[in-house]
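Architecture and fold: a report
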Amino acid sequence: MKSMIAGVLSLFSLCAHSADADAIQRGKGLFMQHQCYSCHGTEGQGGERNAGPKIFPNPTPFVAFELQLRTPRNLMPRYAVQSINDVQLKDLYAYVENMRSSPAVAQIPLINNAMR
């Protein structure tokens, strides 16, 4: 029974993410193209000297994300529909939602071996 539940959960997870793989890739391209990384970091960790807030993990809900891009607070540039359309906005959000954290030092063989 446990293995069946694990299988169903695994399948559900795979379907949820594989359907969005193309959107995530397009979103990554937009993140780089519009230089979002320059303020938010390459992994959403936030910019140096508070250039931009941390956006990963735990990104804001889509509605707040859209509002911030269209009518930003503080010093963030405005991204009108002419710059990033609604489909691209969803792709960008898919990328932010699925960013990956850096591995721990112990999981990086080159660094881990150098520390011995």
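Residues numbered from 1 in each chain as written. Predicted model: local features only at pLDDT ≥ 70, side-chain atom pairs only at ≥ 80, totals over all residues. Heavy atoms only, no water.

1. Focus: the packing of helix α2 (residues 21–33) against helix α5 (residues 86–97)
Where α2 contacts α5, the axes come no closer than 7 Å and their chain directions differ by 95°. Put simply, α2 runs roughly perpendicular to α5. Across the interface between the two elements, Ala23, Ile24, Arg26, Gly27, Lys28, Leu30, Phe31 and Met32 from α2 touch Gln88, Asp91, Leu92, Ala94 and Tyr95 from α5. Residue classes in the contact of α2 with α5 are distributed as eight nonpolar, two polar and three charged. (Axes fitted to C-alpha atoms, helices over the stretch in contact; angles between N-to-C directions. Helix = DSSP H or I, 4+ residues; strand = E, 2+ residues; numbered from the N terminus. Parallel < 35°, antiparallel > 145°, perpendicular 65-115°, else oblique. Contact = heavy atoms within 4.5 Å. Nonpolar A, V, L, I, M, F, W, Y, C, P; charged D, E, K, R; others polar.)

2. What about the pattern of salt bridges?
Under the counting rule described, the total for this entry stands at two salt bridges. Salt-bridge contacts for Asp91 lead to Arg26; the nearest nitrogen and oxygen are separated by 2.8 Å. Of this pair, Asp91 sits in helix α5 while Arg26 sits in helix α2; the two residues are 65 residues apart in sequence, bridging distant segments of the chain. For Arg70, the salt bridge goes to Asp86, with nearest N and O atoms at 3.0 Å. With Arg70 in helix α4 (residues 62–70) and Asp86 in helix α5, the pair connects residues that are 16 residues apart, well separated along the chain. Since its relative accessible area comes to 13%, Arg70 is described here as buried. Assessed through its relative accessible area of 41%, Asp86 is described here as partly exposed. (Salt bridge = Lys/Arg side-chain N within 4 Å of Asp/Glu carboxyl O. Buried < 20%, exposed > 50% of the residue type's maximum accessible area, 1.4 Å probe, protein only.)

3. A few points about a nonpolar patch on the surface
Judged by side-chain polarity, Val105, Leu110, Ile111 and Met115 come together as a nonpolar surface patch covering roughly 420 Å² of accessible area. Among the structural elements, Met115 can be located in the segment after α6 (109–114). Exposure remark for Met115: the relative accessible area of 60% places this residue in the exposed category. (Patch = residues over 30% accessible without salt bridge, like charges linked within 9 Å, V, L, I, M, F, W, Y side chains within 5 Å. Areas by Shrake-Rupley, 256 points an atom, 1.4 Å probe, with all protein chains shown as cover.)

4. Side note on unusual backbone geometry
Along the chain, Phe56 connects to Pro57 via a cis peptide bond; the corresponding omega equals -5°. You can see Pro57 is positioned in the loop between α3 (37–40) and α4. Backbone geometry places Asn50, a non-glycine residue, at a positive phi of 60°. Within the element layout of this structure, Asn50 appears in the loop between α3 and α4. In this structure, Asn74 is a non-glycine residue whose phi angle is positive, near 60°. Structurally, Asn74 is set in the loop between α4 and α5.

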